[in-house]
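# Summary of the model geometry
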Amino acid sequence: MENRLEALRVQLGWTQQELAERVGVSRQTIISLERGRYDPSIRLAFKLARQFGAKIEDVFIYPQEGGRDA
Amino acid sequence: MRDQASWAMSILGRGLVAMAAGLVVVVAVVALGLLSRHTGPGRLALSVGMLQLGLGIVRLLQYAYIRRHPWAGWRMMMWERDERLQLIRARAGQRAFVTSSALAITLLLWASLASDFRLPALSSDALWFSLVVVVVVPFLVYIGSVTYEQTFK
């Protein structure tokens, strides 16, 4: 899943370690999230969105399903 | 901080239980050895007891370290509870279990067919090596799986 984690984190001037500590995960998890290799649980997604003061859909971009109406 | 305190207490609890269990086994084996000439699997039980004792001591040392270095303790707690790591460990455990089952079933089938002379019987050496494979290979699968997923996923 695509996301804007890195952009939002850099905007706030946080390191990956700082963000990891704020949401209670390891730095490796933040790295994997930013690279799109790992999709967070709903709880972690909410925690991240709350840290950025944004909605989940503004942080994580759910891909449109091809051939279906919205 | 309350969360970290309860986590630290759980480590202390696990350590004390392991130490108590280990101590009971060691004392029981030593006492039986002194009372009776026949020790049976005494050495094996003693090893298990000492291992439990050792694990308990490690837990107590870990607890003492966490108390003196709260920040390091918080990081240890995060590593233990990290959701991605938990998922990686669960998947690795599943793969190790499947590997272990496949190897054990293969060994059982071989032994069954060997009793009917449809396959050559396993010598005691071959049986020992086969059992080593059944025990060691799943560990390697577990470690390899965790390492691979930690690095590439």
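Everything discussed here concerns the structure shown above.
Quantities reported herein were computed from a predicted structural model and do not represent experimental measurements. Residue positions are given per chain, counted from 1 along the sequence in the order it is written. The order in which chains are written sets their letters, starting at A; the order in which ligands are written sets their numbers, starting at 1. Only residues with pLDDT of 70 or above have their local features reported here, since the model is predicted, and side-chain atom pairs are shown and tallied only from 80 upward, although totals for entire chains, interfaces and linings are computed over all residues. Only hydrogens and water are set aside when side-chain values are computed; all heavy atoms of the structure are taken into account.

## So, the side chain of A:Glu34
- Counting from the N terminus, the helices are DSSP H or I runs at least four residues long and the strands are E runs at least two residues long. Within the secondary structure, A:Glu34 is located in helix α3 (residues 27–34).
- When checking whether two residues touch, look at their non-hydrogen atoms; a contact exists if any pair is within 4.5 Å. Setting aside anything within four residues of it in sequence, one finds A:Glu34 in contact with A:Asn3, A:Leu5, A:Glu6, A:Arg9 and A:Gln16.

## A short note on the environment of B:Leu113
All names here are of chain B.
- With respect to the helices, strands and loops of the structure, Leu-113 is situated in helix α4 (residues 83–115).
- Accessible area is worked out with a 1.4 Å probe on protein chains only. A residue is then buried under 20% of its type maximum, exposed over 50%, and partly exposed in between. For Leu-113, a relative accessible area of 29% gives the class partly exposed.
- For Leu-113, the residues in contact, after removing those within four places along its chain, are Arg-118 and Leu-119.

## Digging into the interface of chain B and chain A
- Taken together, the contacts link 12 residues of chain B with 13 residues of chain A.
- Values labelled buried area give the accessible surface lost by two parts on being combined, using a 1.4 Å probe and summing over both. Taken over both partners, the interface formed by chain B and chain A buries close to 1100 Å², and the fraction arising from carbon and sulfur atoms is 53%.
- Among the residues of chain B in contact with chain A, B:Asp82, B:Glu83 and B:Arg84 are the three that bury the most area, contributing 45% of the side total.
- Whenever Lys or Arg places a side-chain nitrogen within 4 Å of a carboxyl oxygen from Asp or Glu, that contact is recorded as a salt bridge. Counting every contact that joins chain B to chain A gives one salt bridge.

## Observations regarding the pattern of salt bridges
- A full pass over the atoms with the stated rule returns five salt bridges over all chains.
- Among the ionic pairs, B:Arg75 bridges to A:Glu21, the shortest N-O distance being 3.2 Å. A residue pair is termed interchain when its members come from two chains, as with B:Arg75 in helix α3 (residues 70–81) and A:Glu21 in helix α2 (residues 16–23).
- On the basis of relative accessible area, B:Arg75 is assigned to the partly exposed category, the value being 38%.

## Examining the nonpolar core
- Counting 18 residues, the largest nonpolar core has A:Ile30 and A:Leu48 as the members making the most contacts within it.
- When residues no more than four places from it in sequence are discounted, the contact partners of A:Leu48 are A:Leu5, A:Leu19, A:Val23, A:Ile30, A:Leu33 and A:Phe60.
- Side-chain atoms within 4.5 Å link the members of a nonpolar core, which is a set of buried Ala, Val, Leu, Ile, Met, Phe, Trp, Tyr and Cys residues. If you look at the next biggest cluster of nonpolar residues, it comprises nine residues, including B:Ala8, B:Ile66, B:Trp74 and B:Met78.

## Here we look at the environment of B:Arg67
Residue and element names in this part refer to chain B.
- Here Arg-67 is to be found in helix α2 (residues 42–68).
- C-alpha separation for the pair Arg-67 and Ala-8, spaced 59 residues apart in sequence, amounts to 8.0 Å.
- In the analysis that follows, any N or O atom pair within 3.5 Å is treated as a polar contact, provided that within protein one partner can donate a hydrogen and the other can accept it, and provided that, for residues neighboring in sequence, both atoms belong to side chains. In this structure the side chain of Arg-67 is engaged in a polar contact, spanning 2.9 Å, whose partner is the side chain of Tyr-63.

## Some details on the packing of α2(A) against α3(A)
All names here are of chain A.
- At a closest axis distance of 8 Å, the pairing of α2 and α3 adopts a crossing angle of 105°. In terms of axis orientation, α2 runs roughly perpendicular to α3. Within the contact between the two elements, α2 uses Gln-16, Gln-17, Leu-19, Ala-20 and Val-23 and α3 uses Arg-27, Ile-30, Ile-31 and Glu-34.
- Tallied by class, the residues present in the contact of α2 with α3 amount to five nonpolar, two polar and two charged. Each axis is a line fitted through C-alpha atoms, and for a helix only the stretch in contact is used; angles between axes span 0 to 180 degrees, taken between their N-to-C directions. For classification purposes, angles smaller than 35 degrees are called roughly parallel, those larger than 145 roughly antiparallel, those between 65 and 115 roughly perpendicular, and all remaining angles oblique. Nonpolar residues are Ala, Val, Leu, Ile, Met, Phe, Trp, Tyr, Cys and Pro. Charged residues are Asp, Glu, Lys and Arg, and all others, Gly as well, are polar.

## Section: the packing of aromatic side chains
Residues and elements named next belong to chain B.
- Pairing of aromatic rings covers Phe, Tyr and Trp, the last counted by its six-membered ring, and requires centre-to-centre distances within 6.5 Å; plane angles under 30 degrees mean stacked, over 60 mean edge-to-face, and any other angle means tilted. All chains considered together, the criterion is met by four aromatic pairs over all chains.
- Aromatic side chains Trp-71 and Trp-74 sit 5.4 Å apart centroid to centroid with 5° between the ring planes, which places their arrangement in the stacked category. One end of the pair, Trp-71, and the other, Trp-74, are both in helix α3, three residues apart, so they sit about a helical turn from each other.

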